[in-house]
Amino acid sequence: MDFLKRFAENRGAVAGAIALALIVVMAITAPLIVPIDPMSTRGRPLLPPGGEFAFGTDMLGRDVLAGIVHGARISLMIGLISTVIAAAIGVSVGAIAGFFGGWIDDLLVRITEFFQTIPSFIFAILLVAIMTPGLTSIVTAIAVVTWPPIARLARSEFMGLRRREFVEAAVLSGVSRFRIIVSEVLPNAVSPLIVMGSLMIATAILTESALSFLGLGDPNRISWGYMIGAARTVFRQAWWLSVFPGLAIAVTVLAINLVGEGLNDALNPHLKGRVRIQT
C-alpha cells in the first residue's frame, strides 16, 4: 500500500501508467478495434486523413489507422520479450560476478566491458543483417546489445548485499550458493532492477523502430518503425504516414519513462528526485 501511495504522488507516473495501459489494451484488442488486415489494400493510395480513413492510406492503399493499432502489438511484444531476455542474461552475469567476486568477477566484468565497447546500434544492425531480418533476429540483436548495463547494476547490488548479516548466516547454515542468490540476495536487489527493466523496454522499442526504419524489420509484420521506414521517401507528399506512427512511438516511450521514474521514486523513496538509472 505504501508503494502505491508513493507511486500515486507522482502525477507524471500516474499519467504515464494510464497512457501505457491504454496502449497495451489497444494492442491486445487490436482485432476488435480495427478488424481488418493492416497489410491489405483498402482504398486508393496516399489518401489524406479524413472520411473513411481517419489516418489516411499509405502508398499501397493500406489503412494507416489499422497499421497503428495492429503495429502496437508487434512493437510492444519486441520491447517486452527482448527486455526479458536481456534482463535474464544481465542479472545472471551480474549476480554471479557480484556474489562470487575474485577471478570470476574479473572475467565477467571484462566480458561485459567488451560488449560495451562496441557501439550498440551498429552491433544490432550487424547481428540482424547476419541472421536475416525478422522478428527473431531483431529480438535477439536487441537483447544482445542491451544486457551489459543491467549486468553492471546487478553486480553492484550483489556486491553490496553479499556481506550482509543474513547472507553470511545463510552461508554458515550450509545453504547452497544458488539458493542464497535466488532466495536471499535477489529479492533484496530486485527494486532497482525492475526500474531499469522498465526503461529498457522503451530503449528496445526505439531500437526496433530504428532497425525497421533502415529496412531491417520483418516485411511481413506491421510495426510502427516499419511504417515510418516505408514512408520516408514520400514524407513531403504524405506527412501523415510518418507523423502518426512517430507520435505513437513518442507517446509510448514517454509513458514508459514516466512509469519508470515513478517506480524509482516509489521503490527508492530515499532517492526521490535523483537520477539513479542512466540509459
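Scroll up to find the structure.
Residues numbered from 1 in each chain as written. Predicted model: local features only at pLDDT ≥ 70, side-chain atom pairs only at ≥ 80, totals over all residues. Heavy atoms only, no water.

1. Digging into the pattern of salt bridges
Pairing is possible between side chains that carry opposite charge, provided their charged atoms lie close to one another.
Phase 1 of the analysis: According to the stated counting rule, one finds three salt bridges in the structure shown.
Phase 2 of the analysis: The residue Asp105 makes a salt bridge to Arg155 at a minimum N-O spacing of 2.6 Å. With Asp105 in helix H5 (residues 102–117) and Arg155 in helix H7 (residues 135–161), this pair connects stretches of sequence that are 50 residues apart.
Phase 3 of the analysis: For Asp105, a relative accessible area of 8% gives the class buried.
Phase 4 of the analysis: For Arg155, a relative accessible area of 25% corresponds to the partly exposed category.
Phase 5 of the analysis: The shortest N-O distance in the salt bridge between Glu113 and Arg110 comes to 3.0 Å. Pair noted here: Glu113 and Arg110 are both in helix H5, with a separation of three residues, about one helical turn.
Phase 6 of the analysis: A residue is classified by how much of its surface remains accessible, and Arg110, at 45% relative accessible area, is partly exposed. (Salt bridge = Lys/Arg side-chain N within 4 Å of Asp/Glu carboxyl O. Helix = DSSP H or I, 4+ residues; strand = E, 2+ residues; numbered from the N terminus. Buried < 20%, exposed > 50% of the residue type's maximum accessible area, 1.4 Å probe, protein only.)

2. Section: the nonpolar core
Phase 1 of the analysis: Counting 28 residues, the largest nonpolar core has Val64, Ile68, Trp224, Met227, Trp240 and Leu241 as the members making the most contacts within it.
Phase 2 of the analysis: Elements with a contribution of two residues or more to this core: helix H2 (11–28), helix H4 (64–100), helix H9 (177–213), helix H10 (224–231) and helix H11 (240–267).
Phase 3 of the analysis: Examining the composition of this core, we find that seven residues originate from one element, H11, more than from any other. (Core = buried A, V, L, I, M, F, W, Y, C linked by side-chain atoms within 4.5 Å.)

3. Considering unusual backbone geometry
Among all residues except glycine, the phi angle is most often negative; among peptide bonds, the trans geometry is most common.
Phase 1 of the analysis: One non-glycine residue, Leu46, lies in the positive phi region at around 55 degrees.
Phase 2 of the analysis: Summarising the element assignment, Leu46 is placed in the loop between helix H3 (30–33) and H4.
Phase 3 of the analysis: The exposure class assigned to Leu46 is partly exposed, which follows from its relative accessible area of 32%.

4. Concerning the side chain of Thr207
Phase 1 of the analysis: Along the chain, the position of Thr207 falls in helix H9.
Phase 2 of the analysis: When near neighbours in sequence (up to four residues on either side) are disregarded, Thr207 contacts Phe121 and Ile142. (Contact = heavy atoms within 4.5 Å.)

5. What about the environment of Ser40?
Phase 1 of the analysis: Relative to the assigned elements, Ser40 resides in the loop between H3 and H4.
Phase 2 of the analysis: If near-sequence neighbours (up to four positions away) are discounted, Ser40 is found in contact with Gly61 and Arg62.
Phase 3 of the analysis: A polar contact of 2.7 Å, which involves the side chain of Ser40, links it to the backbone oxygen of Asp37. (Polar contact = N/O pair within 3.5 Å; in protein donor to acceptor, adjacent residues only side chain to side chain.)

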